[in-house]
Amino acid sequence: MRLFATLTAGVALLLVPCVAQAKGTLTVYTYESFIAEWGPGPQIEKTFEAECDCDVKFVGVADGVALLNRVKLEGTSTKADIVLGLDTNLTAEARETGLFAPSGIDLSNVSLPEKWTDEIFVPFDYGYFAVIYDTEALKTPPASLKELVEGDSSEKIVIQDPRTSTPGLGLLLWVKSVYGDQSAGAWEKLKDRVLTVTPGWSEAYGLFTKGEAPMVLSYTTSPAYHMIAEDTDRYQAAAFSEGHYMQIEVGAITTNGASNPLAAKFLEFMTGPGFQDAIPETNWMYPAGKMDTALNPAFDKLVKPSKSLLFSSEEVAKNRKEWVDEWLDAMSK
C-alpha cells in the first residue's frame, strides 16, 4: 500500500503541471517602455488576463525598430503571437517579410485623424514627434526645425538611433520631409548639437530628465506626463513652424500566432476601453480606439501641430536604408 500511495502521489504531482499548462498563453513582443512598471503593459496584462482567463507573456526589446529586427531575425521560429509597437514607418517592410497575418477583426472602434483600412496592422495609439525642452535650462527654444539645426551648438539635444528606435527613425524622416535633398547638410550642422545618440527612447529621456541636456527628442504629449504625474509645467514641447512628424503605433498577429485564438481576441481588445483607457496616462500618447474615460484636461494644453508630416510606409520601406546610410555618413564626419 505504501508503494501504491507513493505511485499515486507521483502521478498526482505529474498531473499538476498539465492542469496549469491547460490555460492558454499569449506571447506579445513589444518595446521596453511599454512593459515598464510605469507603462501601460502591467495594467493591460491584468485586464486582458481577467477577460480571457489566460496568461499574457510580454517580451521587451529596446524600441520599435529593434522589435522588427528581432522578428525578422527569428523568422518563422519566432515565439511571438503578437508584435506590438511597430509604426507606419515600418509596416510596409514588416508586411514584406511574410511573417504577419491578417487581423480578421472589426475595425469600427479605430479612431484616427485619417481613415484606417489596413487588414494586417491595427493602430493602438498615435502622436507627434517633438523637441522637449527644460524651461529652467533653455529660455528660448527653437521655433522650427531650421532653428534646431542651425542653433547654438552649446545647447545640446539627446536623440535616438534610427536603426533601432522609432523616434530616432521619426526624426530622420522629419528632417527628410523638411530638407529633402539637403538633409545630409542639415545633419552635418545638427550633429554639433547632439550630446549623444541612444538606442531607444527610455535612455534618451532619462538623460534629459537628469539634466544632461536641455532638449530631447520625444513627443508633443510628453509634457502631459509631467503636468499630471509630477504637477509641473517645467518640461514643454517646442512648436515647429514646418509642422511635426506623425507616428501611428500598431499591433499585428504573426503567422505563428494566427493559430492561437487569443491573438485575434487581444487585437479586438486592443481597440476597446480595456486597453485604450490605459494609453493616455501610461504610454502618454493619443488613443487610437474607443475609450470609456475622457482625456485629462492637461492634454488640452499641449502643442497642436500646424501641419502633420508623414511619408507613406511604402516610401519609407523603399528609402530607409539609403536615408539611414546618409545619416550615418553625415554624423560621422
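The rules behind these values
Within each chain, residue numbers correspond to sequence positions counted from 1 in written order. Predicted model: local features are reported for residues with pLDDT of at least 70 only, side-chain atom pairs are reported and counted for 80 or more only, and whole-chain, interface and lining totals are derived from all residues. Water and hydrogen atoms were dropped before computing side-chain values, which therefore reflect all heavy atoms in the structure. Any two of the Phe, Tyr and Trp rings considered here, Trp counted by its six-membered ring, make a pair once their centres fall within 6.5 Å; the pair's planes then place it as stacked at under 30 degrees, edge-to-face at over 60, or tilted in between. Runs of E in the DSSP output that reach at least two residues are strands. Runs of H or I that reach at least four are helices, and both are numbered from the N terminus. Categorising residues by exposure relies on relative accessible area from a 1.4 Å probe, with only protein chains included: less than 20% of the type maximum marks a residue as buried, more than 50% marks it as exposed, and the intermediate range marks it as partly exposed. What counts as a salt bridge is simple: a side-chain nitrogen of Lys or Arg found within 4 Å of a carboxyl oxygen of Asp or Glu. Any residue with an atom within 4 Å of a point lines the site, the site being either a cavity, points on a 1 Å grid over the protein atoms alone where a 1.4 Å probe fits but cannot get out, or a pocket, an open set with protein on both sides within 12 Å along at least 5 of 7 lines. Grid points are joined across faces, edges and corners, and a volume is the space filled by probe spheres set on the points. Each residue receives one of three labels: charged for Asp, Glu, Lys and Arg, nonpolar for Ala, Val, Leu, Ile, Met, Phe, Trp, Tyr, Cys and Pro, and polar for the others, Gly being one of them.

### Regarding the packing of aromatic side chains
This structure, assessed with the given rule, holds 25 aromatic pairs. Relative to F311, the ring of Y245 lies with its centre 6.3 Å away and its plane at 45°, an arrangement referred to as tilted. You can see Y245 sitting in strand β10 (residues 244-254) and its partner F311 sitting in the loop between β12 (308-309) and α13 (313-332), a full 66 residues away along the chain. The pair formed by Y245 and F311 is uniform in burial state, with each residue classed as buried.

### Quick notes on the pattern of salt bridges
Pairing between side chains of opposite charge can happen when the charged atoms of each approach one another. Counted by the stated rule, this structure contains 15 salt bridges. Between R234 and E136 there is a salt bridge; the shortest N-O distance is 3.5 Å. Of this pair, R234 sits in the loop between α10 (222-229) and β9 (235-238) while E136 sits in the loop between β5 (122-134) and α6 (145-150), and the two are 98 residues apart along the sequence. The exposure class of R234 is partly exposed, given its relative accessible area of 28%. Taking the relative accessible area as the measure of exposure, E136 reaches 55% and is therefore exposed. Because the salt bridges share partners, they merge into one network encompassing K72, E93 and R320.

### Let's talk about the layout of surface pockets
The probe, sized like a water molecule, is rolled over the atoms to show the empty space still left. Here the largest pocket defines a volume of roughly 540 Å³. When residues of the lining of the largest pocket are traced back to their parent elements, those giving at least two are α7 (166-179), α9 (201-209), β8 (215-219) and α10. The greatest single-element share of the lining of the largest pocket, amounting to five residues, is contributed by α9. Looking at side-chain class alone, the lining of the largest pocket contains eleven nonpolar, eleven polar and three charged residues.

Any functional reading would require information that these geometric values do not contain.
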